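Architecture and fold: a report
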Amino acid sequence: MMLHPSYSDLMEVANEGVDEGEEKLVNSRYSIVLAAAKRARQLIDGAPAYVPTDEKSKPLSTAVEELYEGKVKIIGGEDGDDKVVTESVE
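This one's a predicted model, so the numbers in the text were calculated from it and none came from an experiment.

Thresholds, definitions, all that
Residues numbered from 1 in each chain as written. Predicted model: local features only at pLDDT ≥ 70, side-chain atom pairs only at ≥ 80, totals over all residues. Heavy atoms only, no water. Helix = DSSP H or I, 4+ residues; strand = E, 2+ residues; numbered from the N terminus. Buried < 20%, exposed > 50% of the residue type's maximum accessible area, 1.4 Å probe, protein only. Contact = heavy atoms within 4.5 Å. Areas by Shrake-Rupley, 256 points an atom, 1.4 Å probe, with all protein chains shown as cover. 1 Å grid on protein atoms, 1.4 Å probe; cavity = no way out; pocket = protein on both sides within 12 Å on 5 of 7 lines; lining within 4 Å. Points joined across faces, edges and corners; volume = space filled by probe spheres on them. Nonpolar A, V, L, I, M, F, W, Y, C, P; charged D, E, K, R; others polar. Salt bridge = Lys/Arg side-chain N within 4 Å of Asp/Glu carboxyl O. Axes fitted to C-alpha atoms, helices over the stretch in contact; angles between N-to-C directions. Parallel < 35°, antiparallel > 145°, perpendicular 65-115°, else oblique. Left-handed = near helix turned anticlockwise from the far one by under 90°. Arc of directions from axis to C-beta.

Another point: the overall build of the protein. A tally of regular secondary structure across the protein gives three helices and two strands. For the protein, the succession of helices and strands along the chain, N to C, is α-α-α-β-β. Residues classed as buried in the protein amount to 30% of the 90 residues present. Long-range contacts, defined here as pairs at least 24 residues apart, represent 41% of the contacts in the protein between residues at least 6 apart. Surface exposure of the protein reaches about 6100 Å², of which carbon and sulfur atoms provide 50%.

The following block contains the structure:
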């Protein structure tokens, strides 16, 4: 399990597949924090985790690991609000 990936690492993973010249999906740390918080809330509400967890795993740590490993994705919403895709991307 990875401990504490940097914001820049998370932004890089979230923006994978964006061609040069296109607007990046995630432009700030704030977007990463919001996405991780939204995913953590989904986990708290009973959504399945897509990375191995144990009874000591905290929802926010699980959410960050899922984002870092590309198991869940952030997609831009039409209203400018980012959404977290909750389906496994594998």
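Picking up after the structure, the text goes on.
Let us now look at empty space enclosed by the protein. Considering all chains together, one arrives at one cavity of 30 Å³ or more under this definition. Contributing to the lining of the largest cavity are L10, V13, A14, I32, L67, G70, V72, K73 and I74. Among the elements of the structure, α1 (7-14) and β1 (73-76) are those that each provide at least two residues to the lining of the largest cavity. Among the elements that line the lining of the largest cavity, the one with the most residues is α1, at three residues. A per-class count over the lining of the largest cavity returns seven nonpolar, one polar and one charged.

Turning our attention to the environment of S61. Mapped onto the fold, S61 is located in helix α3 (residues 59-68). Spatially, the C-alpha atoms of S61 and A40 are 8.1 Å apart, while their sequence positions differ by 21 residues.

So, about the pattern of salt bridges. Scanning the entire structure with this criterion turns up one salt bridge. Close ionic contact of E66 with R39 constitutes a salt bridge, the shortest N to O distance being 2.6 Å. Residue E66 is located in helix α3, and its partner R39 is located in helix α2 (residues 29-44); the two are separated by 27 residues in the primary sequence. Judged by its relative accessible area of 0%, R39 is buried.

Another point: the packing of α2 against α3. Contact pair α2 / α3: the axes reach a minimum separation of 8 Å and the direction vectors enclose 120°. Taken together, the axes of α2 and α3 are oblique relative to one another. The crossing of α2 and α3 is right-handed. Between α2, through A35, A36, A37, R39, A40, L43 and I44, and α3, the contact on the second element is made entirely by P59, L60, T62, A63, V64, E66 and L67.

Listed as buried for α1 are L10, M11, V13 and A14. Each buried residue of α1 lies within a common arc of 160° when the element is viewed along its axis, so the set occupies one face.

Read these as spatial facts, not as claims about activity.
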